[in-house]
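Spelled out from the first residue to the last, the chains are:
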Amino acid sequence: MTYYYKLGKIPHKRHTQFYQPDGSLYHEELIGIRGFSGIQSLLYHLHPPTQIHKILLEGTVDIPYEELGPLRQRHLRTATVVSNGDAVAGRIPLMANADVCISVVKPTSLMSYWYRFAQGDEVIFIHEGSGVLESQYGILRYRQGDYLVIPTGVLWRILPDADIEQRMLVIEANGHIEPPTRYLNRYGQFLEHAPYNERDIRPPDELVTHDETGEFEVRVKAGNRITRYFYHCHPLDVVGWDGHLYPFAFNIEDFEPITGRIHQPPTAHQTFEGPGFVVCSFVPRLFDYHPIAIPSPYNHSNVDSDEVIYYVAGNFMSRKGIESASITIHPGGIPHGPHPGMYEGSIGKERTNELAVMIDTFHPLRLTKYALQLEDKDYAYSWIS
Ligand SMILES: [Fe+2]
């Protein structure tokens, strides 16, 4: 994140003697990105984080891509998707490229282990549900509409609230996910024109230190390989930390829409940027106020990007036949636009209640065999009057 935060107890100076009540030293761990030149945090453990006593290969994750067919618009209905497993193992990858993998998951069981993604950052959008994101950095409660941004290296697990239905969209990046640079001043602070700022960011707010012994499993995904590491000491034994690298939540309802006299392009809705993609939030807002404005978007050819929209709630102003948890993919190379009647029908409308998450990728995505099972195959022809 762009600002400094600390939780728990830390010594006055970094890399100095810091003693536990029994006279032994606490154990520092620096977690940082881009070598030692990116953002980082310094954690203080009860036990060295290096004491692995057993290592097993869990397996490899090979994305089952579909056979390439003709390039066309796609619509996936994920509302009825059934996933088995927890918030990581139960993920269903729907599309991917070298930069990003997009999955959905409806966790049906608790994570019995902690997880670390070593390749990049993750954003988990909470479509439905609530619970706790537990990490070395503390407790972070999540709720519907949250983007959970988890930087690489964070050791975490999700503990959903009991008997609460959970539905999540997962964006797994091969790199780092950050606020758009144009929202920040030269000091890293959010600018006044940014649609959200530091006050909207929720870091972990309670640090629980576990001093327990037993058998504790941490799974690390590096490349497409998942390895299981076993420790005798609880991995969440941190007594304090400080720095700029930590997981946080940002709720989509806290995104302040930017509106104008005429139609604003999707860049006005940008929320995050990652390597080879951006994430945008379409939220309820007033429409354009030029006296002869057309609120609906115009036809457009996003020639060198694929546009993925995950529909959360409300009526999406330019689309028909879309339901909550639908995903449309409008690939680069061919134009798309409002469905018949929606362009003219938007004239005179004053507001929209649409809620959606858009991911634009700058390299082509390829769908998976799982996506094929959810596809509305008539969608590509749905613009015919
Ligand atoms: Fe579009």
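Structure first, text after, so check above.
Here the structure is a predicted model, which is why all the values come from computation and not from measurement.

An account of the overall build of the chain is requested, with residue identities and associated values reported.
Of regular secondary structure, the chain possesses two helices and 27 strands. The C-alpha radius of gyration of the chain comes to 22 Å, within 12% of the 21 Å expected for a compact globule of 385 residues. The dimensions of the chain, computed from C-alpha atoms along their principal axes, are 75 × 45 × 40 Å. Looking at the chain as a whole, 55% of its 385 residues qualify as buried. Nonlocal contacts in the chain, meaning residues at least 24 apart in sequence, comprise 74% of its contacts between residues at least 6 apart. Accessible area of the chain: about 17800 Å², with a carbon and sulfur share of 52%. Charged side chains in the chain number 33 positive and 46 negative. The centres of these two groups are separated by 2 Å.

Can you lay out unusual backbone geometry for me, pointing to particular residues and giving the numbers?
At Asp163, a residue that is not glycine, the phi angle is positive and equals roughly 60°. With respect to the helices and strands, Asp163 occurs in the loop between β13 (156–160) and β14 (167–173). Taking relative accessible area as the criterion, Asp163 reaches 83% and is therefore assigned exposed. For Ala325, which is not glycine, the phi dihedral falls at a positive 75°.

Explain the environment of Leu372 to me, and be specific about the residues and the numbers.
By the secondary structure assignment, Leu372 is in helix α2 (residues 369–372). Here the alpha-carbon distance between Leu372 and Leu94, two residues 278 residues apart in the chain, equals 8.5 Å. Excluding residues within four positions of it along the chain, Leu372 makes contact with Glu66, Arg74 and Lys377.

Which residues make up the pairing of strand β7 (residues 100–105), and what are the values?
Most of β7 sits inside the fold, with six of its six residues counted as buried. Burial of the side chains of β7 extends over both faces: Val100, Ile102 and Val104 are buried on one face and Cys101, Ser103 and Val105 on the other. When strand β6 (residues 92–96) meets β7, the two strands line up antiparallel, connected through four bridges. Looking at the pairing, Ala96 lines up with Cys101 of β7. Between β6 and β7, which follow one another and run antiparallel, lie three residues. Inspection of the sheet shows β7 paired to β14 by six bridges, in the antiparallel sense. When the bridges of β14 are listed, Val100 appears paired with Ala173.

I'd love a proper account of the side chain of Ser41, names of residues and values included.
Positionally, Ser41 belongs in strand β3 (residues 40–45). At a separation of 3.5 Å, a polar atom in the side chain of Ser41 contacts the main-chain amide nitrogen of His244. With sequence-adjacent residues up to four places away left out, Ser41 is seen in contact with Glu29, Leu30, Ile31, Tyr137, Trp241, Asp242, Gly243, His244 and Leu245.

Requested: an account of the sheet that holds β6, with residues and values cited.
Pairing is antiparallel across the open sheet formed by eight strands, whose spatial order is β15-β19-β12-β9-β14-β7-β6-β27. Because the sheet does not close on itself, it has two edges, and the strands there are β15 (201–202) and β27 (366–367). Here strand β12 (residues 146–150) runs beside strand β19 (residues 248–251); their pairing, made up of four bridges, is antiparallel. When the bridges of β19 are listed, Tyr147 appears paired with Phe250.

The rules behind each value
- Residues numbered from 1 in each chain as written.
- Predicted model: local features only at pLDDT ≥ 70, side-chain atom pairs only at ≥ 80, totals over all residues.
- Heavy atoms only, no water.
- Helix = DSSP H or I, 4+ residues; strand = E, 2+ residues; numbered from the N terminus.
- Rg over C-alpha atoms; globule rule 2.2 N^0.38 Å.
- Buried < 20%, exposed > 50% of the residue type's maximum accessible area, 1.4 Å probe, protein only.
- Contact = heavy atoms within 4.5 Å.
- Areas by Shrake-Rupley, 256 points an atom, 1.4 Å probe, with all protein chains shown as cover.
- Lys, Arg positive; Asp, Glu negative; His and termini not counted.
- Charge placed at Lys NZ, Arg CZ, Asp CG, Glu CD.
- Pairing = 2+ DSSP bridges.
- Polar contact = N/O pair within 3.5 Å; in protein donor to acceptor, adjacent residues only side chain to side chain.

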